[in-house]
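Coordinate analysis (summary)
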Amino acid sequence: MLLYNTATRKKEEFIPLRENTVHMYVCGITAYDLCHIGHARSAVVFDVLVRHLRHLGYTVHFIRNFTDIDDKIINRANNENRDWQEVGETYIQAFHTDMDLLNVLRADYEPRATDFIPQIQDICKTLIAKNHAYPTKAGDVYFRVRSHPAYGSLAQRSLDEMMAGASERVKLTEAKEDPLDFALWKASKQGEPGWESPWGLGRPGWHIECSAMSSEWLPLDIHGGGQDLIFPHHENEKAQSEAAFDKILARFWVHNGFVQINSEKMSKSLGNFKTIRDILENYLPETLRFFLLSKHYRSPVDFSFEALDEAEKSERRIYQAILDVKDVLKTQKWKNTPIPAELLNEWQVLQDKFNQSLDDDLNTAQALGEIFSQVRFVNKLLEDKALKKSTASQAIYTQFLERLELWQKELGILHLEPKNFFETLRTIKLKRSQLDIAQITELLNKRAQARSAKDYATSDAIRAQLEDMGVIVKDSPLGQDWDLA
Ligand SMILES: [Zn+2]
């Protein structure tokens, strides 16, 4: 498999450092609020990476942490007059609820920062002993950036460039030796949570927790997160771990792109963010997942409801094909019409292309494209009078369903029974349309009665009335069925 490595800015062949086992660490959320679709994207991307690595036969140890102590958590707790631990717990649970809906597999290890306080303090002590860090009178501990020559290599920024950014942020009151230095340990202010330490009552800085939580797995095969984490978070993690343990932190650095709204980064400060729950009010979780996978993970993805509608339409086409294939497989009599050899060959190549897409830097957009090619292929057979019920097509239909299992496993989509999918979709579309469900149900019942009484004038009139409301009624041998226009 080829994987893009941020550290080298190149696609490289992925080979695990230890035989067949992959250690992958992804920076998790700070548990102070509901997850937005930027979090969903990162979770879905790394979920597909884990799934694909497992498909390739690797044993994957997937570690994703929770930041459960942080200024934002403390602020929220203070504003809501709650306990900071309770705030953290609330949003960790919310993360699990949302991610389960999106079919994101749980990580194998989900360490929390506050469970690693002794290890965090040990790293601080080691770094101080090695002159890579220093405590201040106020009880903070800072990492001495200029003591680590590799600092800036991940973000590919020079010290001068970083100085320009740092001097704007640095407060003159801070007792730092250098504006570039960053906090490993922070003295707790009055009323803040804190732990006893050699430097007084304090709590960990943000970056150090990941160095502590990943320390038993070094070197990691893959360290991941969103592109916004490259600097300073990952640069700092890398410096701390390398300086403390004299080992590289990670072989591959993998970063996913932003979710944008109208080509602007989605963020809380811009007020343009959407939570996962906002979206799932009106769309199936699978549709959001499908949408997020429809772009290459390193490209920015532009969020809009039109784009979600587009993803939903694509899903419908695939589910329709699954439904049609399952239906035609109920055929009792198959004919012996042969399929042209070049067509059979085309069918074989299509599935290889699906696998190759994921092997090429996890190109899920391409992989979805290959699924569509296969859908188009079976649709072509289904529409061909001579081939529809040929034994050769029967074999392809069966293979189509086998391939579906692989798509489900690797991409985590298309899990629903097609009938279930269309039923659920109808309900959610109805909700979106803000039509009156009770009124529609009543009209449908009246129409069914009229039809059974053979009063076709009334049933046609009701049909027209429903159509005006945007509801299309279809009659089948099983009774009337309906959908939104
Ligand atoms: Zn981290």
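Worth saying up front: this structure is predicted, and the values here are computed from it rather than measured.

Description of helix H4 (residues 117–129)
- Taking 1.5 Å per residue as the helical rise, H4 with its 13 residues ought to reach 18 Å, and the 18 Å between its terminal C-alpha atoms agrees with that figure.
- Where H4 is concerned, the buried positions are Ile 120, Gln 121, Ile 123, Cys 124, Leu 127 and Ile 128. With its buried residues spanning 155° around the axis, H4 presents them on a single face. Of the residues in H4, the exposed ones pointing more than 90 degrees away from the buried face are Pro 118 and Ala 129.
- Check the buried side of H4 and you find it contacts strand S5 (133–135), strand S6 (141–143), strand S7 (182–187), strand S8 (202–204), helix H6 (206–213) and helix H7 (230–245).

Considering the sheet that holds S8
- Strand order in the open sheet formed by 4 strands is S5-S6-S7-S8, with antiparallel pairing between adjacent strands. Since the sheet does not close on itself, it has two edges, and those belong to S5 and S8, each with one partner. Taking each pair of neighbouring strands and ignoring which way they run, the sheet shows an average axis angle of 20°.
- Along the sheet face, H4 touches S5, S6, S7 and S8 and points at about 105° away from the line of S5.

Some thoughts on the sheet that holds strand S12 (residues 264–265)
- Read across the open sheet, the 3 strands follow the order S12-S11-S13; overall the sheet is mixed. Among the strands making up the open sheet, the edge pair consists of S12 and strand S13 (301–303).
- With 3 bridges connecting them, strand S11 (residues 259–261) and S13 associate as parallel partners. Note on S13: the bridge partner recorded for Ile 261 is Phe 303.

Brief notes about the packing of helix H9 (residues 285–293) against helix H10 (residues 305–328)
- Viewed as axis vectors pointing N to C, H9 and H10 meet at an angle of 105°, and their least axial separation amounts to 9 Å. It follows that H9 is roughly perpendicular to H10 by the angle criterion. Residues Glu 286, Thr 287, Phe 290 and Phe 291 of H9 lie in contact with H10, whose contacting residues are Ala 307, Leu 308, Ala 311, Glu 312, Ser 314 and Glu 315.
- Here the contact of H9 with H10 is composed, by residue class, of 5 nonpolar, 2 polar and 3 charged.

Side note on the pairing of strand S10 (residues 250–256)
- Here S10 lies mainly inside the structure; 6 of its 7 residues are buried.
- Between the parallel elements strand S9 (residues 220–226) and S10, the chain passes through H7 in a crossover that is right-handed.

Side note on the nonpolar core
- Ranked by internal contacts, the top residues of the largest apolar core, which has 110 residues, are Met 24, Ala 40, Val 44, Cys 124, Leu 127 and Leu 184.
- Ranked by the residues each element gives to this core, the list is headed by helix H1 (residues 37–55), at 10 residues.
- Both of domain 1 (2–278) and domain 2 (305–417) provide at least three residues apiece to this core.
- Leu 184 has contacts with Cys 124, Leu 127, Ala 133, Val 141, Tyr 142, Phe 143, Gly 205 and Ile 208, leaving out every residue within four places of it along the chain.

Each value, and the rule that gives it
- Residues numbered from 1 in each chain as written.
- Predicted model: local features only at pLDDT ≥ 70, side-chain atom pairs only at ≥ 80, totals over all residues.
- Helix = DSSP H or I, 4+ residues; strand = E, 2+ residues; numbered from the N terminus.
- Expected span 1.5 Å × (residues − 1).
- Buried ≥ 20, exposed ≤ 12 C-beta atoms within 10 Å, placed from the backbone.
- Arc of directions from axis to C-beta.
- Contact = placed C-beta atoms within 7 Å.
- Pairing = 2+ DSSP bridges.
- Axes fitted to C-alpha atoms, helices over the stretch in contact; angles between N-to-C directions.
- Parallel < 35°, antiparallel > 145°, perpendicular 65-115°, else oblique.
- Nonpolar A, V, L, I, M, F, W, Y, C, P; charged D, E, K, R; others polar.
- Right-handed = clockwise from strand over helix to strand, strands pointing away.
- Core = buried A, V, L, I, M, F, W, Y, C linked by C-beta atoms within 7 Å.
- Domains from an automatic or database assignment.

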